[in-house]
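These are the residues of each chain, in order.
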Amino acid sequence: MNDLQVDEEQPADHRRWLRELDLAHFEPTSPGMPYWLPHGLLTIRALQDHWRHAHERWGYQEVSTPPMARDPLYLASGHLPHYEENMFFCNAGDGGDRFGLKPVNCPGTMVIFRSRRRSHRELPLRLACYDLLYRNELSGVITGLLRVQAFRQDDAHIFLAHEQISDEVVSLVRLAERVYAGFGLEFKLRLGGPPVRRIGDDATWGRAQALLAGALDVAVGRGGYGRVDGEGGFYGPKVDLLIEDSLHREWQMGTFQLDFEMPRRLGCTYLGADGQEHVPAVIHRALFGTFERFLGILLEHTNGHLPEFMAPVQLRLVPVADRHRAPAQALAAAVRGEGFRVELEGSNERVAAQVREAVLRRVPLIGVIGDREAADAAVSIRAADGTDMGVFRREALLELLRKRCQPPEV
């Protein structure tokens, strides 16, 4: 049996697809930290580009912060007492100060907010960041892309006045609906209450929970979401986005977390319309959770058939004989010039075997070029599901790729 043969009746393990689609490699030299192979980097970048363009349309600005910071920043934010056992540290500087590799983006983003005087006219200020993060995990919980030690969280931190919270949460639910629908996913919402270890007083927590619940009532209706005790962040209550995949497993994906504590502790203020200084509220927000984990779940949900805009190879060209290689190369150059990902088959296998391998590699479109196609400057296209789509000249093929391989609108 071809070692790419897939038993469709077995649940798909994303680690198998990482290997068989040449996406990523893991080894003990860097536990829980993926080595992204060329196809994998194309795939994860396609997801990140989709995320970036969607957020630009929804009024976000992208920022980046240093990969490490001294202990006082994490102590002030509250992360040191809550995250210390899951952080990586090193000593640096003449004084031997301890630096922590950042496990989260929020303290650094708040430093950016407080870096100059802010006005109420800037709010809501939506700052997005997907820098590389590091968390020191126990070896027994590291699982492919689902639990890693180096990852990029699709983070945003929204600084806003308290009276803007409800409208912003409703807008976040609408954004999540649009983003998830583009992947054929639906989600349900769950509101999490205060954990045992937390910062802030009970009154502040109660007010934050009431504001989140009221906004969810507007977004999805009373009773349109669940509740669970003890699942909030240490700095504020959170809303989890839960999906069910094709194997009927439930996954907690994105979160919205309402925070009154961290901006106060880190000195974030803005000048209000009344001429007074005010501390903003902050909504911590991720839609995918992390790009790595989302990709792993998506590989299992789709059994390796990623959305075509994410496929590492969107078109595989198969010349029937050596004399067809030159027209295939010309077509590949034209397709690549339009920004699509194309590969030209280079093996000596029979055409049927080459097509079969492309199907097993989950290539969405496969083009065969023989004498008839070469004479007409065309290509015969079939889809990965076996559908014969007919013969396409160059411009028609490019139009087909534009329709099938563009990211979903958000």
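Everything that follows concerns the structure shown earlier in this document.
Here the structure is a predicted model, which is why all the values come from computation and not from measurement.

Colleague: What's the story with the sheet that holds strand E5 (residues 89-92) in this structure? I'm lost.
Modeller: Strands belonging to one sheet form pairs held by backbone hydrogen bonds; the direction of such a pair is parallel or antiparallel. Strand order in the open sheet made by the 3 strands is E4-E6-E5, with antiparallel pairing throughout. Single-partner strands in this sheet number two, and they are strand E4 (68-70) and E5. In this sheet, neighbouring strand axes are inclined to one another by 35 degrees on average, regardless of whether the strands run parallel or antiparallel. Sheet analysis places E5 next to strand E6 (residues 97-101), joined by 4 bridges and oriented antiparallel. Of the residues in E6, the one forming a bridge with Cys90 is Phe99.

Colleague: Help me understand the environment of Arg126, please; the structure alone is not making it clear to me.
Modeller: Looking at the element boundaries, Arg126 is found in strand E7 (residues 125-129). Take Arg126: its relative accessible area is 19%, and that puts it in the buried class. Taking C-alpha positions, Arg126 is 16 Å from Arg116, a pair spaced 10 residues apart along the chain. Discounting chain neighbours no more than four positions away, the residues touching Arg126 are Trp58, Gly59, Tyr60, Gln61, His157, Ile158 and Glu168.

Colleague: Could you clarify how one ought to interpret the pairing of strand E12 (residues 225-228) in this entry?
Modeller: On any regular strand, side chains alternate: one points to one face of the sheet, the next to the other face. Where strand E11 (residues 187-192) and E12 come together, 4 bridges link them in parallel fashion. Residue pairing in the sheet places Gly192 in a bridge with Val228 of E12. Taking the sense of rotation as the criterion, the β-α-β connection linking E11, helix H7 (residues 202-220) and E12 turns out right-handed.

Colleague: Is there a simple way to think about the nonpolar core in this case?
Modeller: The biggest cluster of nonpolar side chains holds 61 residues, and the ones touching the most others in it are Phe183, Phe256 and Met310. By residue number, the principal contributor to this core is helix H6 (residues 165-181), which donates 9 residues. Setting aside residues no more than four positions away along its own chain, Phe183 makes contact with Leu47, His50, Phe288, Phe294, Leu298, Pro307, Phe309 and Met310. Among the nonpolar cores identified, the runner-up in size contains 24 residues, and Leu73, Tyr74, Cys106 and Cys268 belong to it.

How each quantity is defined
- Residues numbered from 1 in each chain as written.
- Predicted model: local features only at pLDDT ≥ 70, side-chain atom pairs only at ≥ 80, totals over all residues.
- Heavy atoms only, no water.
- Pairing = 2+ DSSP bridges.
- Helix = DSSP H or I, 4+ residues; strand = E, 2+ residues; numbered from the N terminus.
- Axes fitted to C-alpha atoms, helices over the stretch in contact; angles between N-to-C directions.
- Buried < 20%, exposed > 50% of the residue type's maximum accessible area, 1.4 Å probe, protein only.
- Contact = heavy atoms within 4.5 Å.
- Right-handed = clockwise from strand over helix to strand, strands pointing away.
- Core = buried A, V, L, I, M, F, W, Y, C linked by side-chain atoms within 4.5 Å.

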